[in-house]
Amino acid sequence: ENTGEPGEHALQQVIRDRLQGFAYSLVITYCTGLFAGASITLDGNKSYTFKTRPPMLPGLPGANLSLSVFSQEGSESHLERTLEFQPTSRPYYLVQKQLFEKGASQQQSSSDAWTGVFNYTIPWKPMTSECGYAKSLPIPFCNGLSEGVGSACDGFCGAIASHVSLETMKEALQVQWQRIHDYLASPLYNYELLASKSSVFTLIQKSNAAPKQEGFLLAASNDPEQGCNFRYANDSPLHIVSSAARALHRRMGGSWNAELLHSRFMMNFSMAEIELGRSVPCLSLTKDCFDAATLQIKLDDDLHWLVVLVLPADAFTLTAASQQSAWEGEIEERATQVSHDVTTINRISVVLLTVSALFGLTAGWCISAFAGYPLNKLQAYMQKLSRLDLDGISGLRSRSLTKLSSLREVSELQLGFVNLAQSVETFSRFVPETVVRRILHGDKKATRIHVRKRTVTIMFSDIRGFTTISEMLSQTDLLTLLYMYLSEMTQIVEKHGGVVSEILGDGLLVLWNTPDDLPDHAVAACAAAVAQQKALTKLNESFAELGLPSISIRIGLHTGDVLAGNIGSCKKMKYGCMGDPVNLASRLEGLAKYYGVGTLCSDATRAKLPPHFLCRKLDLVKVKGKEEAVWVYELIHETPTPWLQQKVQLYEAGLRAYHDRGFVPAAQKLATLLAQEPQDKAAAQLLDRAHEAQRLIPFPAEWSPVMEMTEK
């Protein structure tokens, strides 16, 4: 796709174009062994016909017959040779016979079928064989056969077939690899693609005719071997092909028919990890890291091919990383340069147009084509960049931007714009996009210390027992776990309108309703928390496949007024929030461990939620560092059931009784709950507090139901 070829299925079209004229033989085989066919040579200068003599004993199909080969030149026919041949043993005959035995109709063209890959002899070259497929159809009627033959063949008449050579597929893959090589060698990338470090290869993904051939390597762009060499792609002597095939096979759980491979799929892998028998994603772009992409080609319902492209992971990487440190100066410098150069080029165009007036409209059109059109296009790209609409800059990843203008000044502008856009795109990964967009628009507040009062919803989250997990894992496994976990959680919160303010090791600090306005931000934050808890099931399954431990997380949510904006010094700044609500959200995340729940939110957040969110009022708590007690709630992410709702009612009834000093009924309610769910840590702790209050004699008048926390 990156080569800019027209059409959605460029590689499929290349293969089909290369196959035109290469299905160069058509044969017909009767059940009696009667066989005839015709072929043309690849240059089309000579044609051949071949046929067997009628069998001496029609009732004995399957015997070796004598095949006569005739060359055709004009109207003359010459016998070239004869050879022994057994037509009814060929794969195209056998596959149709199997379909007939399964009940397929000989009179329906829908009974056509592909064979598996096989060797076949070229009749006019008896010492030469080729690899290929054959497409076959049943003979509809047994007209012309001797009486009694139908019964001798059990009613099956025979098959018609045409051969297709695999050599044409190899040539098509080589053409496609060369296009990618030439594209990467262009001035935009200036990358030398080596055949030993890349390949385009095709394997059998599905074959109902020959299931044991699934995974067979059909052809590879960098395969120097000739002839038929049947082997699985995983066992290819080409190191890049076998490594990519093993990485894909392991990622798909050992199945070439995995659901992910039914559509376009991309992944990366480490060559060193594959050699150690592990399929682990690359954590950085090194020479050991490779990208693999797949495309499924369906010949019909019974035969699917899988085309695999494998390239070094740094093939399409530009120089953005080296320019991150100077992004602010780069943006301002390039914007000023573009404005100055546009003015200069416009002046040059006016002068040239005036000087060339004697040459007429033709010269004027040339100047407009060489200067005006690329400048107008560049101006449109600058407007999209100012809106941070990077996806709208289609030329950033296609050939249109690499087709440089013939004017040196314009071509320098085009190359400079590519570097600028890549720098901005990289910087937007470190800072909220809204802040980057304000910088591009020249907002002075966005480049200096500035805060404003905002009502926001704040989320703190971390992994339970992360210290223990980090001690038991290697550095590579730990980075893999964190990369997969943080990628999934970040995607969820951004989907729900959140902005990741900081990555705190194994946790996240996420803000809603800043820097952009977000209606119902408390609802969005709680929906994100529920989605994060539910996503752990699938994420832990992925960890198990990689031999990594399962994880669980704690989340704290609070809504309140903070000072939000650029915080820092004259040297360094960051975008964030200040205020007591930030501290309280952090304390709530810690309280989740004390109460044994996954997600804890404050009363300020709970008050803004619609009824379909299921919450359990847990306690009235005074966290360390605060004088005012707050109500805290468990945000339940499981699907509501009658027992879950009854559990919430029992606990809240016990909590009300405890606050009303009805310790006996409180203990009864909580004991009933724990009898059904003994692992409920919050209920067990409240029951202990009720029993402890019962033992207070005399009962103190200053007793308070508030739970005071002495630790963070």
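Just so it is clear, the structure is predicted and the values come from calculations on it, not from any experiment.

A. Quick peek at the overall build of the chain. The secondary structure content of the chain amounts to 19 helices and 23 strands. Per-residue burial over the chain gives 47% buried out of 712 residues. Across the chain, contacts joining residues at least 24 apart in sequence account for 61% of those joining residues at least 6 apart. Entry remark: accessible area of the chain is about 36,500 Å², with carbon and sulfur atoms responsible for 53%.

B. Looking closely at the pattern of salt bridges. Overall, the coordinates contain 13 salt bridges when judged by the stated rule. Where Asp 580 meets Lys 626, a salt bridge forms, and the shortest distance between an N and an O atom there is 2.9 Å. Linking Asp 580 in helix α15 (residues 580-595) with Lys 626 in the loop between β21 (615-622) and β22 (630-635), this pair joins segments that are 46 residues apart in sequence. On the accessibility criterion, Asp 580 (37% relative accessible area) is partly exposed. With a relative accessible area of 18%, Lys 626 lands in the buried category. One continuous salt-bridge network, built from bridges that share partners, spans Arg 616, Glu 634, Lys 647, Glu 677 and Asp 680.

C. Seen up close, a nonpolar patch on the surface. Together, Leu 283, Leu 479 and Tyr 483 give the surface a local cluster of nonpolar side chains, amounting to about 280 Å² of exposed area. With respect to the element layout, Tyr 483 can be found in helix α13 (residues 475-495). Look at Tyr 483 and you get partly exposed, because its relative accessible area is 46%.

D. Seen up close, α13. If you check α13, its first and last C-alpha atoms are 30 Å apart, about what 21 residues at 1.5 Å a residue would give, namely 30 Å. For α13, every residue scored as buried is listed here: Leu 478, Thr 480, Leu 481, Leu 482, Met 484, Tyr 485, Leu 486, Met 489, Thr 490, Ile 492 and Val 493. Close packing links the buried residues of α13 with β15 (450-463), α12 (466-472), β16 (499-504), β17 (507-512), α14 (521-545) and β18 (553-568). Of the residues one or two after α13, Gly 497 is the one with positive phi, at around 85°.

E. Quick look at the packing of aromatic side chains. Throughout the structure, instances matching the rule amount to twelve aromatic pairs. With centroids separated by 5.4 Å and ring planes inclined at 70°, the aromatic side chains of Tyr 93 and Phe 156 adopt a geometry described as edge-to-face. Pair noted here: Tyr 93 is in helix α2 (residues 91-101) and Phe 156 is in the loop between α3 (149-152) and β9 (158-165), with a separation of 63 residues, a long-range link. Their ring planes at 85° and their centres at 6.1 Å tell us that Trp 114 and Tyr 133 sit as a pair that is edge-to-face. Here Trp 114 is found in strand β6 (residues 113-114), whereas its partner Tyr 133 is found in strand β8 (residues 125-138), with 19 residues between them in sequence. Each member of the pair, Trp 114 together with Tyr 133, is buried. Through successive ring pairs, a cluster of aromatic residues spans Tyr 658, Phe 663, Phe 699 and Trp 703. A cation over a ring is seen here: Arg 616 above Tyr 651, with NZ or CZ 4.6 Å from the ring centre.

F. A look at the nonpolar core. Counting 39 residues, the largest nonpolar core has Ile 463, Tyr 485, Leu 557 and Leu 635 as its most contacted members. Breaking this core down by element, the ones donating at least two residues are β15, α12, α13, β17, α14, β18 and β22. The element best represented in this core is α14, accounting for eleven residues. Contacts of Leu 557, omitting those with residues within four sequence positions, involve Ile 458, Met 459, Ala 525, Cys 526, Ala 529, Leu 588, Thr 599, Leu 600, Cys 601, Ser 602, Thr 605 and Leu 635. Formed by 32 residues, the second largest nonpolar core is a distinct cluster that contains Ala 592, Ala 666, Ala 682 and Trp 703.

G. Structural view of the packing of helix α17 (residues 642-659) against helix α19 (residues 681-694). It is the contact of α17 with α19, at a shortest axis distance of 11 Å, that shows an interaxial angle of 25°. Here α19 runs roughly parallel to α17, going by the angle between their axes. Our pair here, α17 against α19, has a crossing hand that is left-handed. Here Tyr 651, Leu 655 and Tyr 658 of α17 come into contact with α19, specifically with Ala 682, Ala 683, Leu 686, Arg 689 and Ala 690. Tallied by class, the residues present in the contact of α17 with α19 amount to seven nonpolar, no polar and one charged.

H. Inspection of the sheet that holds strand β14 (residues 303-312) at higher detail. An order of β11-β10-β14-β13-β12 is seen for the five strands of this open sheet, with the pairing classed as antiparallel. With one partner strand each, in any of the chains shown, β11 (217-220) and β12 (265-270) form the two edges of the open sheet. Taking the axes of each pair of neighbouring strands and ignoring which way they run, one obtains an average angle of 25° across the sheet. Relative to β11, strand β10 (residues 199-207) is paired through three bridges, and the arrangement is antiparallel. Residue pairing across strands places Leu 203 opposite Leu 217, the latter belonging to β11. Across the sheet, helix α4 (residues 167-184) touches β10, β11 and β14, and the angle it forms with β10 is around 135°. Relative to the sheet, helix α5 (residues 239-251) contacts β10, β11, β12, β13 (289-300) and β14, its axis offset from that of β12 by approximately 115°.

I. Looking closely at the side chain of Thr 559. Here Thr 559 shows up in strand β18. When its relative accessible area of 6% is taken as the criterion, Thr 559 is described as buried. Here the side chain of Thr 559 touches Thr 457 through a polar contact of 3.0 Å, side chain to side chain. Here Thr 605 takes part through its side chain, which lies 2.9 Å from a polar atom of the side chain of Thr 559. The residues contacting Thr 559, other than those within four sequence positions of it, are Thr 455, Val 456, Thr 457, His 521, Ala 522, Ser 602, Ala 604, Thr 605 and Lys 608.

Quick notes on the rules
- Residues numbered from 1 in each chain as written.
- Predicted model: local features only at pLDDT ≥ 70, side-chain atom pairs only at ≥ 80, totals over all residues.
- Heavy atoms only, no water.
- Helix = DSSP H or I, 4+ residues; strand = E, 2+ residues; numbered from the N terminus.
- Buried < 20%, exposed > 50% of the residue type's maximum accessible area, 1.4 Å probe, protein only.
- Contact = heavy atoms within 4.5 Å.
- Areas by Shrake-Rupley, 256 points an atom, 1.4 Å probe, with all protein chains shown as cover.
- Salt bridge = Lys/Arg side-chain N within 4 Å of Asp/Glu carboxyl O.
- Patch = residues over 30% accessible without salt bridge, like charges linked within 9 Å, V, L, I, M, F, W, Y side chains within 5 Å.
- Expected span 1.5 Å × (residues − 1).
- Phe/Tyr/Trp six-rings, centres within 6.5 Å; stacked < 30°, edge-to-face > 60°.
- Lys NZ or Arg CZ within 6 Å of the ring centre and 35° of its normal.
- Core = buried A, V, L, I, M, F, W, Y, C linked by side-chain atoms within 4.5 Å.
- Axes fitted to C-alpha atoms, helices over the stretch in contact; angles between N-to-C directions.
- Parallel < 35°, antiparallel > 145°, perpendicular 65-115°, else oblique.
- Left-handed = near helix turned anticlockwise from the far one by under 90°.
- Nonpolar A, V, L, I, M, F, W, Y, C, P; charged D, E, K, R; others polar.
- Pairing = 2+ DSSP bridges.
- Polar contact = N/O pair within 3.5 Å; in protein donor to acceptor, adjacent residues only side chain to side chain.

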